[in-house]
Amino acid sequence: MQGKAIRRSKKPAATPRYVSPNQLTLLGFETPFEQKLTTQNRWVKMAKAIPWDMIVVHYDKLFQSTEGRPPISGRIILGALMIKHIENLSDRATIQHIQENMFMQYFLGYTGFTNEAPFSDTLFVEIRKRLSLELLSKINDVIALHCLQENNKEEQTTPPGNNPETLDDTPSQNTGTPSAINKTIEEEPLQSNIDTSTIQQTASKKTVLNNKGRLITDATVAPQNITYPTDLKLLNAARQKSEELIDILYTPLLHGDTKPRTYREIARKYFLNTAKKKAKTNKEIYKANGRQLRFLRRNLAHTEMLLKAYVIFPLKPKEQKYLMVLHTVYDQQEQIHRTRSKRIDERIVNIHQPHVRPIVRGKEKAKVEFGSKLQVSIVKGFMFIDHLCWDAFNEGKYLKTSVENYKNRFGFYPKEVLADQIYCTRENRKWLRDWGIKLIAKPLGRPSSKAVAVHLSPGERNPIEGKFGQAKIAYGLDNIKAKLKDTSQSWIAAIALVLNLVAMTRQALVSLLFQYYKQYVLLILQKQYSNNFKKWATPSC
């Protein structure tokens, strides 16, 4: 019979009795500041694991001038960005959490608790502009390579197995001291547009290659935080923005007492009559789009007439950008309406974010997504962005880019590559074969007896699919809230950085448990050795 499971006793939390708020004072409130911070806190552990000296150097290079006020500490800036995306907070909530949490302040490098904010929450926009995709990719590579190097040092004490992901079988040109890793990342930035035509493929067949590790690559889309675009909603938004520009440009001293008519109330009425219908026929949509097009055409003609009266161009750069976007939207929608087509090149779907493009994915949940498309590589649980583009692209053309980036990071080509079917073109297969890289995928042609040995099982690509799910569900990769093109790219790169920090802390915990296990095994072996020595030293009767 099985015995009853032993229930472990848990220490309950303190349950203070209710005290009226009128009897509570801040002066008598007990604080833990006289005590020491616990080393088991996640922010304390992460602060010790991150190589701050190696990553802050890259941020400090942005400030070459010695004049003026000194910049904010790079650890505070990068740490605040990490906190924001780890907790998935807004800019304002991030500053509030830092003000209230002493562990977060320790993570940022503070020597003591303070009630003052590290910086204004509005500064996050300038920080994202400053931290480009290339810079955050360098910092990401430094952290990932540092963690992999520490893991390799620990694995050197154990006999090497047959794991293809082991990267420390032989020394390479990129392994060594942290300064060597930092120098390598500095000299070899993110290679998103590698000219693969210059690679000497003929010499690879005659050279014995020392390929190591496993590379998993795939592509995904990071959707922007915009309303689902339709032609009717896009034209209505463009019409409203054109009316705002007319209000800005009109001056009675230059244009007279009569203001150009925009018919904004009538145009809005026509828009709502169609938009509020649950079921709209194609004829109704076509007719509503035509009306909004004519209203927009009239407003753009008024803006051109109002601009001619000025000697100096009156619009600000942001307003001028909107005017250019409105002209482009009108030209595109007029062509679509005239030809009754449903597609056009470089299609604008949002006037506030004109860089966003529709990307057809064919997924069951969303067949078309609106955002940037990025190609990602996974190496031993760490995520690297190899290519990011706002236009749709064929992933198969960038497999060589991912492999070359792997070589630039680690100093050697991967031993195995796991990729989807779209990557397995004849050209890519031949290129990988020339460099001695094994492609784990379904062979071309009729399956043979050898096809089973190299066939990709369904579970082998789970790490990268799980990484996409983790990034989109837990860290907001499915809803990029930045509005500018460069800040959106910085937002995506920061999410990739945070995913690697989470992987680093997880591997640090596994490494700690492994160290405890080794100490336990050594202790048992010492006891057995001492017992055997006593038996050998004790004389027999």
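What you see as residue numbers is a count from 1 along each chain, following the sequence as written. In keeping with the predicted nature of the model, local features appear solely for residues at pLDDT of at least 70, side-chain atom pairs appear and are counted solely at 80 or more, and the whole-chain, interface and lining totals rest on all residues. The basis for every side-chain value is the complete set of non-hydrogen atoms in the structure, without hydrogens or water.

1. Concerning the pattern of salt bridges
Once the charged atoms of two side chains with opposite charge are near each other, the side chains can pair. Convention followed: Should a side-chain nitrogen of Lys or Arg be within 4 Å of a carboxyl oxygen of Asp or Glu, the pair is scored as a salt bridge. Elements are defined by DSSP. Helices are runs of H or I of four residues or more, strands are runs of E of two residues or more, and each kind is numbered from the N terminus. Accessible area is worked out with a 1.4 Å probe on protein chains only. A residue is then buried under 20% of its type maximum, exposed over 50%, and partly exposed in between.
Taken as a whole and assessed by the stated rule, the structure comprises 22 salt bridges. When the shortest N-O distance is used, the salt bridge between Arg264 and Asp247 registers 3.2 Å. Placement of the pair is Arg264 in helix H11 (residues 264-275) and Asp247 in helix H9 (residues 231-249), with a sequence separation of 17 residues. On the basis of relative accessible area, Arg264 is assigned to the partly exposed category, the value being 30%. Residue classification places Asp247 among the partly exposed positions, given a relative accessible area of 34%. When the shortest N-O distance is used, the salt bridge between Arg361 and Glu369 registers 3.9 Å. Accessibility expressed as a relative area gives 15% for Glu369, which makes it buried. What you see here is one network of salt bridges that share partners, running through Arg361, Glu369, Lys373 and Glu395.

2. Here's the deal with a nonpolar patch on the surface
Counted only if it meets this: Residues with no salt bridge and a relative accessible area higher than 30% make up the patches, which join like charges within 9 Å and nonpolar side chains (Val, Leu, Ile, Met, Phe, Trp, Tyr) within 5 Å. Here the Shrake-Rupley method, with its probe set to 1.4 Å, supplies the accessible areas, and only the displayed protein chains count as covering residues.
A contiguous nonpolar patch, built from Val521, Leu522 and Leu525 and spanning about 240 Å² of accessible area, is present on the exposed surface. Looking at where Val521 falls in the secondary structure, it is placed in helix H18 (residues 485-537). Classification of Val521 as partly exposed rests on a relative accessible area of 30%.

3. Some thoughts on the nonpolar core
Under the convention used in this document: Put simply, a nonpolar core is a bunch of buried Ala, Val, Leu, Ile, Met, Phe, Trp, Tyr and Cys residues held in one set by side-chain atoms that sit within 4.5 Å of each other. In what follows, residue pairs with any heavy atoms lying within 4.5 Å of each other are defined as contacts.
Counting 94 residues, the largest nonpolar core has Ile50, Ile55, Met82, Phe107 and Val417 as its most contacted members. If you tally residues by element for this core, the top one is H18, at 13 residues. The contact partners of Phe107, leaving out residues within four places of it in the chain, are Trp43, Met46, Ala47, Ile50, Trp52, Arg75, Gly79, Met82 and Ile83. Judged by nonpolar contacts, the second largest core, of 20 residues, contains Leu249, Leu307, Val329 and Ile351.

4. Thoughts on the packing of helix H2 (residues 52-60) against helix H3 (residues 74-87)
What counts here: Only the stretch in contact is used when fitting a helix axis, every axis being a line fitted to C-alpha atoms; angles between N-to-C directions are given from 0 to 180 degrees. By the definition adopted for this analysis, an angle is roughly parallel if under 35 degrees, roughly antiparallel if over 145, roughly perpendicular if from 65 to 115, and oblique otherwise. Following the grouping adopted for this structure description, the nonpolar residues are Ala, Val, Leu, Ile, Met, Phe, Trp, Tyr, Cys and Pro, the charged ones are Asp, Glu, Lys and Arg, and the polar ones are all others, Gly among them.
The geometry of H2 relative to H3 is characterised by a closest axis approach of 9 Å and an angle of 105° between their N-to-C directions. One finds that H2 runs roughly perpendicular with respect to H3. Contact residues: Trp52, Ile55, Val56, Tyr59 and Asp60 in H2; Gly74, Arg75, Ile77, Leu78, Gly79 and Met82 in H3. Here the residues of the contact of H2 with H3 sort into seven nonpolar, two polar and two charged.

5. Observations concerning the pairing of strand S1 (residues 214-223)
Quick reminder of the rule: Two strands pair if DSSP finds at least two bridges between them.
Of all the 10 residues making up S1, 10 are buried; the element is thus mostly covered by neighbouring parts of the structure. In terms of strand pairing, S1 meets strand S5 (residues 416-418) through three bridges, oriented parallel. Residue pairing for S5: Arg214 is matched across the bridge by Glu416. Pairing geometry for S1 and strand S3 (residues 368-379), over eight bridges, is antiparallel. Among the inter-strand pairings, Asp218 is bridged to a residue of S3, identified as Val376.

6. Here's the deal with the confidence of the model for the protein
Any region with low pLDDT has predicted coordinates that should not be read closely. Put simply, the test is: Looking at any residue, its pLDDT shows the predictor's confidence there, from 0 to 100.
Confidence in the prediction of the protein, expressed as mean pLDDT, is 83, and 76% of residues score 70 or more. In this model residues 168-182 is a low-confidence stretch, pLDDT under 50, and it forms 26 contacts with partners more than four residues away in sequence or in other chains. Every residue in residues 184-194 is under pLDDT 50, and counting partners more than four places away or in other chains gives 32 contacts.

7. Some words on the packing of aromatic side chains
Condition: The pairing test for Phe, Tyr and Trp rings, Trp by its six-membered ring, is centres within 6.5 Å, and the orientation test on the planes gives stacked under 30 degrees, edge-to-face over 60, and tilted for anything in between. Only when the NZ atom of a Lys or the CZ atom of an Arg is both within 6 Å of the ring centre and within 35 degrees of the ring normal do we say a charge sits over the ring.
The final tally for this structure, using the stated rule, is 14 aromatic pairs. Between Tyr406 and Phe410, the ring centres sit 4.7 Å apart and the planes meet at 50°, which makes this aromatic pair tilted. With a gap of four residues between them, Tyr406 and Phe410 both fall in helix H14 (residues 399-410), about one helical turn apart. Given a relative accessible area of 1%, Tyr406 falls into the buried group. The cationic tip of Lys212 hangs over the ring face of Phe412; the distance from NZ or CZ to the ring centre is 4.2 Å. Above the plane of the ring of Phe393 lies Lys373, whose end atom (NZ or CZ) is 4.9 Å from the centre.

8. Details of the environment of Leu315
With respect to the helices and strands, Leu315 occurs in the loop between helix H12 (282-307) and helix H13 (317-339). For the pair Leu315 and Leu245, spaced 70 residues apart in the sequence, the C-alpha separation amounts to 8.7 Å. Sequence-distant contacts of Leu315, defined by excluding residues within four places in its chain, comprise Ile248, Leu249, Gln320 and Leu323.

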